[in-house]
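Inside the fold
Here's the letter readout for the chains.
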Amino acid sequence: TKIVVIGGGAAGLKAAARARRRDEEAEITVIEAGEYPSMSRCGLPYYIEGLVHEIENLLQTTYGAVRTPEFFKRVKNIDVLTKTKAKRIDREKKVVEIERNGSSDELPYDYLVIATGSKPARPQIPGIDAEGVVHLHSAEDAEKIVEAWEDGAEEAVIIGGGLIGMECAEALSRLDMKVTMVEIMDHILPTLLDAEMAALVKAHLKENGVEVLTGYRVEEIVTDGEAVSGVKIGEKVMPAQLVLIATGVRPNVELAKSAGLEIGETGAIKVNKYLQTSDPSIYAGGDCVENIHILTGKPIYAPLGSTANKHGRVMGDNVTGGKSTFPGVIGTTIFKVFDFTVARTGLTEKEARQLGYDVITAIAPSPDRFHHYPGQKPIRVKIIADKSGKLLGAQAVGLGVVDKRIDVLATAIQMGATIDDVANLDLAYAPPFSMALDTVIVAANIARNKRDGLIESISAEELRKKIESDEDFIILDVRTDEEAEKNPLEDRRVIHIPLDRLRESVDKLPKDREIFTVCQVGARGYEAARFLIQKGFRAKMVEGGMAILG
Ligand code: FAD
């Protein structure tokens, strides 16, 4: 069998390697336009920061071998043709036309794998072609950024507050650059997090010296001669010697499109569950295809390295006689920014509401391990469920261990779990690892309380809006005297009664007004609200407490 793979990235090389493991006799050729096969793009921010010292390190296997074409030939008997471009697919003749060293050739195939990846989006901003305006997509891009820094760039503007923007904000700050991030939407990470969770990340960026402007459109990239000198935002020009465009990626579909293969509604190649395109001899995977969202059943463009590798395996199976399937994705994503880990899975609250779900949410702020155990750090977990209890999404951010929480919740969502299932998960516990009731269990319990009508809550955002209005209500601060003094909640409607004095002072509270109970993270606010409700007050807790309110 002749197997040709277009694209020597994560999906393409995984498909080739898997195919070889299943079929020693197949002739396998990978065509790669760039200089390097199998470059880990995910490692590029760490190369810029200096944590990964050489680009070559991003080409290595776990045992240190460099993945050169010679390596693939020697170890896997796969022909990797670098600096070779696939120009056209002739589906009738079953050949790929390639261009190599200025000359053309044809490669015949029985099965073709398209794994052409993605390319960075380029918004129509005047001045975008100036010197010093970069993306971060390839090794060359990373090298350009390092060179700009070596040439003395001190101020950087990052356009786009998504995952790559975040990772670069950290990398450039670690190089002592002054970083400003501009996001057109009203909060950063608009497709990944809900506003209140994104606000925590924004605060952390600010603590680390990154200026964050949300709700701003970049009008123009200002130049001095050929080189960038600033970015015009509103009437203001932010000085910058480096501008990073991080406004997402688009699927690389030109080749597939010109071959007449079906393109989906997201603009990426449409594939079935076997990752087969509209031509049964051609498979496609990685950043160039769309996926099915497991929760909504709808197509989604969610380009990630984790998914590309899974696609590669499925394609490798199916071009060697297998019948493997890929079920789709739920959008699980994680990244690190300074000391924060940020992760999410499933639907955001906003998406779930837009899709018409009757939504319940819960935010559980807690230490990531037993609160007296040395090194414990705070995390916040938000879960989104529908009124039937079905888990729809989760977000987790903080200084502590977030990854295992999101992975537990991602697993639960993918298996169709309810909040009741999560509340009783038999998770591992000892003080160095979690609280006796892990944060995901606490979050599920809060959601159950809400579903069962034991408690109503308002979000910190809603309370903030109420504070700005002249409505009449009570904010009951149940924190300790010390906590309230250290970080006072100032408003004429605030009454401060610590939880341990609430029972004796309950007569001081009016029954004719709504009471919003606030503590540091939410647990005491919940207890206070439950007590007051049972005493006939109209009480609601403030979700996430001062930790979210600020
Ligand atoms: P690619 O790896 O892009 O490979 C496609 C290859 O096809 C390219 O090498 C290209 O040169 C080649 N090609 C295209 N057209 C042709 C042609 N006509 N002829 C020949 N060759 C062609 N994902 C995560 O899951 N976690 C992360 O932490 C993460 N971090 C990231 C950080 C950065 C800075 C970037 C840029 C991406 C990150 N990603 C991350 C995304 C991840 O890198 C991609 O999802 C993954 O590389 C996709 O793999 P792929 O094989 O589909 O595409």
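So, here's what we can say about the structure. (Residues numbered from 1 in each chain as written. Predicted model: local features only at pLDDT ≥ 70, side-chain atom pairs only at ≥ 80, totals over all residues. Heavy atoms only, no water.)

Re the overall build of the chain
To be explicit about the condition: For the purposes of this entry, the term helix denotes a DSSP run of H or I that reaches at least four residues, the term strand denotes a run of E that reaches at least two, and both are numbered from the N terminus. Computation of the radius of gyration draws on C-alpha atoms alone. For the globule rule, the value is 2.2 Å times the number of residues to the power 0.38. Residue contacts follow a heavy-atom distance rule, with two residues in contact if any of their heavy atoms lie within 4.5 Å.
A count of helices and strands for the chain gives 17 helices and 30 strands. On C-alpha atoms alone, the chain measures out to a radius of gyration of 26 Å, which is about the 24 Å that the 2.2 N^0.38 rule sets for 550 residues. If you line up the chain on its principal axes, its C-alpha atoms span 90 × 55 × 40 Å. For the chain, long-range pairs separated by at least 24 residues make up 62% of all intrachain contacts whose partners lie at least 6 apart in sequence.

So, the nonpolar core
Note that soluble globular proteins tend to have their nonpolar side chains buried in a common cluster. Inclusion rule: Only buried residues count toward a nonpolar core, which is a set of Ala, Val, Leu, Ile, Met, Phe, Trp, Tyr and Cys residues joined through side-chain atoms within 4.5 Å. Think of it in three bands: with a 1.4 Å probe and only protein chains considered, a residue is buried below 20% of the maximum accessible area for its type, exposed above 50%, and partly exposed in between.
In terms of nonpolar packing, the biggest core is built from 61 residues, with Val201 and Leu205 touching the most fellow members. With sequence-adjacent residues up to four places away left out, valine 201 is seen in contact with Met166, Ile188, Leu189, Leu193, Val337, Phe340, Val342 and Val397. If you look at the next biggest cluster of nonpolar residues, it comprises 49 residues, including Val30, Ile89, Val271 and Val289.

A short note on the packing of aromatic side chains
Here is the rule: When the centres of two rings from Phe, Tyr and Trp lie within 6.5 Å, Trp using its six-membered ring, the rings pair. Their planes under 30 degrees apart give stacked, over 60 give edge-to-face, and anything left gives tilted. Two conditions define a charge sitting above a ring: the NZ of Lys or the CZ of Arg must be within 6 Å of the ring centre, and it must be within 35 degrees of the ring normal.
In this structure the tally under the stated criterion is three aromatic pairs. Where phenylalanine 71 meets phenylalanine 72, the ring centres are 5.4 Å apart and the plane angle is 80 degrees; that geometry is what we call edge-to-face. Classification of phenylalanine 72 as buried rests on a relative accessible area of 3%. Cation over ring: lysine 323 sits above tyrosine 274, and NZ or CZ is 4.2 Å from the ring centre. Across from the ring centre of phenylalanine 537, 5.0 Å away, lies the NZ or CZ of lysine 511, which sits over that ring.

A closer look at the packing of helix 1 (residues 10–22) against helix 8 (residues 305–318)
Operational definition: Structural elements are reduced to axes, namely lines fitted to C-alpha atoms, with helices fitted over the stretch in contact, and the angle between N-to-C directions of any two is expressed from 0 to 180 degrees. The handedness criterion is simple: a crossing whose near helix is rotated anticlockwise from the far helix by less than a right angle is left-handed, and one whose near helix is rotated clockwise is right-handed. Under the convention adopted here, Pro, Cys and the residues Ala, Val, Leu, Ile, Met, Phe, Trp and Tyr are nonpolar, Asp, Glu, Lys and Arg are charged, and Gly plus all remaining residues are polar.
For the pair helix 1 and helix 8, interaxial distance at closest approach is 7 Å and the crossing angle is 35 degrees. Between helix 1 and helix 8 lies a crossing whose hand is right-handed. Across from Ala10, Ala11, Lys14, Ala15, Arg18, Ala19 and Arg22 in helix 1, the residues of helix 8 making contact are Ala308, Asn309, Gly312, Arg313, Met315, Gly316 and Asp317. By residue class, the composition of the contact of helix 1 with helix 8 is six nonpolar, three polar and five charged.

Focus on helix 12 (residues 439–451)
Threshold: To estimate the expected span of a helix, count its residues, drop one, and scale the result by 1.5 Å.
Between its first and last C-alpha atoms helix 12 spans 18 Å; for 13 residues at 1.5 Å apiece the expected length is 18 Å, and the two agree. The first or second residue beyond helix 12 is glycine 453, which carries a positive phi of 80 degrees.

With respect to the environment of isoleucine 548
Residue placement: isoleucine 548 occurs in helix 17 (residues 545–549). A residue is classified by how much of its surface remains accessible, and isoleucine 548, at 8% relative accessible area, is buried. Sequence separation of isoleucine 548 and alanine 460 is 88 residues, and the distance between their C-alpha atoms is 6.3 Å. Setting aside anything within four residues of it in sequence, one finds isoleucine 548 in contact with Glu196, Leu200, Ile363, Arg380, Ala460, Arg464 and Glu543.

Observations regarding the site of the ligand
The condition that has to hold: Neighbouring residues are identified by heavy atoms, a residue being near a molecule or strand if any of them is within 4 Å of it. Here a polar contact is taken to be a pair of N or O atoms separated by no more than 3.5 Å, where protein atoms must pair a possible hydrogen donor with a possible acceptor and residues adjacent in sequence count only if both atoms sit in side chains. For every accessible area listed, the method is Shrake-Rupley and the probe measures 1.4 Å; residues are considered covered only by the protein chains on display.
The immediate surroundings of the ligand are formed by 29 residues, with Ala11, Glu32, Asp287, Leu304 and Gly305 found nearest. At a separation of 3.0 Å, a nitrogen atom of the ligand approaches a polar backbone atom of alanine 33. Contacts to the ligand include glycine 305, whose backbone N or O atom sits 2.9 Å from an oxygen atom. Coverage of the ligand by the protein chains reaches 87% of its 1000 Å² of free accessible surface. For the shell around the ligand, a count of residues per class yields 15 nonpolar, nine polar and five charged.

A closer look at helix 4 (residues 139–150)
Its twelve residues give helix 4 an end-to-end C-alpha distance of 16 Å, which sits within 8% of 16 Å, the value for a rise of 1.5 Å per residue. Structurally, helix 4 contributes buried residues whose contacts are with helix 2 (44–49), strand 9 (133–134), helix 5 (163–174) and strand 16 (242–245). Backbone geometry just downstream of helix 4 places glycine 152 in the positive-phi region, at approximately 105 degrees.

Quick word on the sheet that holds strand 6 (residues 103–108)
As a reminder of what qualifies: In this description, strands pair whenever DSSP reports at least two bridges between them.
The strand order across the open sheet formed by three strands is 4-5-6, and the pairing between neighbours is antiparallel. Two strands bound the open sheet, and with one partner strand each, they are strand 4 (84–90) and strand 6. Taken over all neighbouring pairs, the strand axes of this sheet differ in orientation by 30 degrees on average, direction set aside. Across six bridges, the pairing between strand 4 and strand 5 (residues 95–100) is antiparallel. Its bridge partner being in strand 5, aspartate 90 is matched across the sheet by valine 95.

Side note on the pattern of salt bridges
This is how it is decided: By salt bridge we mean one thing: a side-chain nitrogen of Lys or Arg within 4 Å of a carboxyl oxygen of Asp or Glu.
Using the criterion set out here, one finds 35 salt bridges in the structure. Its salt-bridge partner being aspartate 317, residue arginine 18 comes within 2.6 Å of it at the nearest N-O pair. In this pair, arginine 18 sits in helix 1 while aspartate 317 sits in helix 8, placing the two residues 299 residues apart along the sequence. The same class applies to arginine 18 as to aspartate 317, namely buried.

A short note on the environment of proline 432
With respect to the helices and strands, the residue proline 432 is situated in the loop between helix 11 (419–423) and helix 12. A relative accessible area of 26% means that proline 432 is categorised as partly exposed. Separated by 134 residues in sequence, proline 432 and lysine 298 have C-alpha atoms that sit 41 Å apart. When sequence neighbours within four positions are dropped, the list of residues in contact with proline 432 reads Arg369 and Tyr373.

A word on the state of the cysteines
Basically, it comes down to this: Here, two cysteine sulfur atoms that lie within 2.5 Å of each other are counted as a disulfide.
Throughout the structure, instances matching the rule amount to zero disulfides. This cysteine, cysteine 42, is not joined by any disulfide, and cysteine 168 carries the nearest cysteine sulfur, 12 Å off. For the unlinked cysteine cysteine 288, the closest cysteine sulfur is that of cysteine 42, found at 16 Å. Judged by its relative accessible area of 0%, cysteine 288 falls in the buried class.

A look at the pairing of strand 25 (residues 391–398)
Of all eight residues making up strand 25, eight are buried, and the element is well covered by its neighbours. In this structure, strand 22 (residues 340–346) lies alongside strand 25, joined through six bridges in antiparallel fashion. Bridging across to strand 25, valine 342 finds its partner in valine 397. Connecting the antiparallel pair strand 24 (residues 378–386) and strand 25 is a turn made up of four residues, with glycine 389 showing a positive phi of about 100 degrees.

Side note on the environment of isoleucine 294
Within the secondary structure, isoleucine 294 is located in the loop between strand 19 (291–292) and strand 20 (299–300). Distance in space between the C-alpha atoms of isoleucine 294 and glycine 346 is 8.7 Å, their sequence separation being 52 residues. Beyond its immediate chain neighbours, meaning those up to four positions away, isoleucine 294 contacts Pro327, Gly328, Val329, Ile330 and Gln414.

Concerning the sheet that holds strand 1 (residues 2–6)
Strand order in this open sheet of five strands is 3-2-1-7-18, and the pairing throughout is parallel. Lying at the two open borders of the sheet, with one neighbouring strand each, are strand 3 (79–81) and strand 18 (282–284). Recorded for the sheet is a direction-independent mean angle of 20 degrees between the axes of neighbouring strands.

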